[in-house]
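Single-letter residue listing:
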Amino acid sequence: RPGSRINVIGPSLREAPGAVTITLKDGGEPLMFKVRRTTRMEKVREAYASKRGVSPEHIRFIFDGERVTDDLTPALLKMKDGDEINVMLERSGD
């Protein structure tokens, strides 16, 4: 009808509201984080680094066999509550 407005929302945006709990595993004690579905993984990496006392630059996240870049979000990765991210710590060669 004239003057009506239709908003089309894609699947990733429709799922965005709310939060998910994700588990980060590095071989030690797993850490759980509750994050909004729109939070950039850069923030998660920085929070993880702070908790572990390491530099964020030395941390890499792997989810479903793929490296997770800082610009991705749980919504874009289609994460569900309880999903796990493997954490790789880069070691500098002294």
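Thresholds applied
- Residues numbered from 1 in each chain as written.
- Predicted model: local features only at pLDDT ≥ 70, side-chain atom pairs only at ≥ 80, totals over all residues.
- Heavy atoms only, no water.
- Helix = DSSP H or I, 4+ residues; strand = E, 2+ residues; numbered from the N terminus.
- Expected span 1.5 Å × (residues − 1).
- Buried < 20%, exposed > 50% of the residue type's maximum accessible area, 1.4 Å probe, protein only.
- Arc of directions from axis to C-beta.
- Contact = heavy atoms within 4.5 Å.
- Pairing = 2+ DSSP bridges.
- Polar contact = N/O pair within 3.5 Å; in protein donor to acceptor, adjacent residues only side chain to side chain.
- Salt bridge = Lys/Arg side-chain N within 4 Å of Asp/Glu carboxyl O.

K.L.:
Help me out: how do you make sense of helix α2 (residues 41-52) in this one?
P.N.:
Helical geometry note: an α-helix holds 3.6 residues per turn, so side chains three or four residues apart project in the same direction. Its twelve residues place the ends of α2 16 Å apart at the C-alpha level, agreeing with the 16 Å of an ideal helix rising 1.5 Å per residue. Here α2 has its buried residues at Met41, Val44, Arg45, Tyr48 and Ala49. Summarising the axial view, the buried residues of α2 lie within an arc of 135°, below the 170-degree limit, and thus occupy one face. Facing away from the buried surface of α2 by more than 90 degrees, the exposed residues are Lys43, Ser50 and Lys51. Where α2 is buried, its residues touch β1 (19-25), β2 (31-36), β3 (59-63), β4 (66-68) and β5 (84-89). Where α2 ends, the next residue or the one after it, Gly53, has phi of about 75°, a positive value.

K.L.:
So what exactly am I meant to see when it comes to unusual backbone geometry here?
P.N.:
Backbone geometry follows two general trends: most residues other than glycine have a negative phi, and most peptide bonds adopt the trans configuration. Even without being a glycine, Asp64 presents a positive backbone phi close to 55°. Mapped onto the fold, Asp64 is located in the loop between β3 and β4.

K.L.:
Help me out: how do you make sense of the pairing of β3 in this one?
P.N.:
When a strand is regular, its side chains alternate between the sheet's two faces. Residues of β3 alternate between two faces, with Ile59, Phe61 and Phe63 buried on one and Arg60 and Ile62 left unburied on the opposite face. Bridge analysis of β3 against β5 gives four bridges, and the strand direction is antiparallel. Paired with Arg60 across the strands is Met88, a residue of β5. Pairing of β3 with β4 involves three bridges; the strand directions are antiparallel. Within β4, the position partnered with Ile62 by the bridge is Arg67. Between β3 and β4, which follow one another and run antiparallel, lie two residues, and Asp64 among them has a positive phi close to 55°.

K.L.:
What's the story with the side chain of Arg45 in this structure? I'm lost.
P.N.:
Note that Arg45 resides in helix α2. Within the structure, Arg45 has its side chain in polar contact with the side chain of Asp70 (distance 2.7 Å).

K.L.:
Mind showing me how you'd approach the pattern of salt bridges here?
P.N.:
When the charged atoms of two side chains lie near each other, side chains of opposite charge can form a pair. Per the counting criterion, the structure on display carries five salt bridges. A salt bridge links Lys25 to Glu84; its shortest N-O distance comes to 3.5 Å. Of the two residues, Lys25 sits in strand β1 while Glu84 sits in strand β5, which places them 59 residues apart along the sequence. Residue class for Lys25 comes out partly exposed when judged on its relative accessible area of 32%. In this structure, the salt-bridge partner of Glu90 is Arg60, at a minimum N-O distance of 3.1 Å. Of this pair, Glu90 sits in the segment after β5 while Arg60 is found in strand β3, placing the two residues 30 residues apart along the sequence.

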